[in-house]
Amino acid sequence: MELSDQQLVEAYKAGDPQAFAAIVRRHKPRLAYIARRYARNEQDTQDILQEALFKASRKMHTYRSEATLSTWLHRLVMNSGYDYMAAGQKRIRDISIDDSDRISVDANPMLSHDPTPAVDRAIVMRQAIEALPAAQRTALLLIDVAGLTVENAAREMGVKPGTVKSRRSRARDAVLKAVDERGTAAV
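Rules used in this analysis
Residues numbered from 1 in each chain as written. Predicted model: local features only at pLDDT ≥ 70, side-chain atom pairs only at ≥ 80, totals over all residues. Heavy atoms only, no water. Helix = DSSP H or I, 4+ residues; strand = E, 2+ residues; numbered from the N terminus. Contact = heavy atoms within 4.5 Å. Buried < 20%, exposed > 50% of the residue type's maximum accessible area, 1.4 Å probe, protein only. Phe/Tyr/Trp six-rings, centres within 6.5 Å; stacked < 30°, edge-to-face > 60°. Salt bridge = Lys/Arg side-chain N within 4 Å of Asp/Glu carboxyl O.

Trainee: Sorry, what's going on with the environment of proline 161 here?
Mentor: Its place among the elements puts proline 161 in helix H8 (residues 161-186). Expressed as a C-alpha distance, the spacing of proline 161 and glutamate 151, which sit 10 residues apart in the sequence, is 5.5 Å. With sequence-adjacent residues up to four places away left out, proline 161 is seen in contact with Val150 and Ala154.

Laid out in structure tokens, this is it:
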């Protein structure tokens with residue numbers, strides 16, 4: 001018989017470490033999907049996921065069953081992703097140790113790809129999202145990044161679904177406008 005999320009949470013709180021392992025097995029694929037949205041590579045994804053699961057194991061006593069466990073875990077992954085992105089802006093970028101000019105970009109067309117336009121657009125989008133009012137940003141991220149339904153996002157935010165829809169719509173319009181204004185010149 002498979003235990004429910006709530007039963008697993010109670011078992012973990014009572015001291016059963018296998019209960020947390022079962023929670024991780026059940027939710028890890030979806031949580032990894034969310035973490036990938038904040039990561040540059042698979043190692044970063046695993047770091048974000050590990051940090052979120054570590055927080056979950058330490059803070060399980062704060063989980064209230066007002067929201068589903070998956071929603072609570074998604075929020076932890078999103079927060080770890082935000083922290084990762086904020087730290088990434090301060091982190092020294094990776095530097096290639098192979099800085100020789102021996103390989104010609106003409107010899108390998110794959111090396112001639114210029115990712116700069118996509119990076120510039122991503123930077124503009126992140127800046128536009130960060131500039132949104134908190135309620136709009138949360139609605140946008142819960143639905144478009146975390147993959148929650150409008151109803152679940154409304155429950156998470158403590159508002160009606162119509163409010164979430166309008167906040168998300170305004171957020172999307174603002175991001176598109178910012179990308180059109182600032183991103184078009186960079187692309």
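Structure shown, so let's carry the discussion forward.
Trainee: Looking at this model, I keep getting lost on the side chain of threonine 71. Mind explaining?
Mentor: Topologically, threonine 71 is positioned in helix H4 (residues 69-90). Judged by relative accessible area, which is 8%, threonine 71 ranks as buried. Once you skip the residues sitting within four places of it in the chain, threonine 71 turns out to touch Leu148 and Glu156.

Trainee: What exactly am I supposed to notice about the packing of aromatic side chains here?
Mentor: Aromatic ring pairs are defined here through the distance separating the ring centres and the angle between the ring planes. Per the stated rule, a full pass over the model turns up 3 aromatic pairs. Taking 5.1 Å as the distance between ring centres and 40° as the angle between the ring planes, the aromatic pair formed by tyrosine 12 and phenylalanine 20 counts as tilted. Here tyrosine 12 falls in the partly exposed class, since its relative accessible area comes to 22%. Aromatic side chains tyrosine 38 and tyrosine 82 sit 5.7 Å apart centroid to centroid with 85° between the ring planes, which places their arrangement in the edge-to-face category. Highlighted residues: tyrosine 38 in the loop between helix H2 (17-36) and helix H3 (42-59) and tyrosine 82 in helix H4, separated in sequence by 44 residues. Classification of tyrosine 38 by relative accessible area gives buried; the value is 5%. For tyrosine 82, a relative accessible area of 26% puts it in the partly exposed group.

Trainee: Would you mind showing me how to read the pattern of salt bridges here?
Mentor: As a working rule, side chains carrying opposite charge can pair if their charged atoms are close by. Summed over all chains, the structure comprises 9 salt bridges. Residue arginine 26 pairs with glutamate 2 through a salt bridge whose shortest N-O separation is 3.1 Å. You can see arginine 26 sitting in helix H2 and its partner glutamate 2 sitting in the segment before helix H1 (5-13), a full 24 residues away along the chain. Taking the relative accessible area as the measure of exposure, arginine 26 reaches 30% and is therefore partly exposed. Its relative accessible area of 67% is what places glutamate 2 among the exposed residues. In this structure, arginine 64 engages glutamate 66 in a salt bridge whose closest nitrogen and oxygen atoms are separated by 3.4 Å. Arginine 64 sits in the exposed class, given a relative accessible area of 56%.

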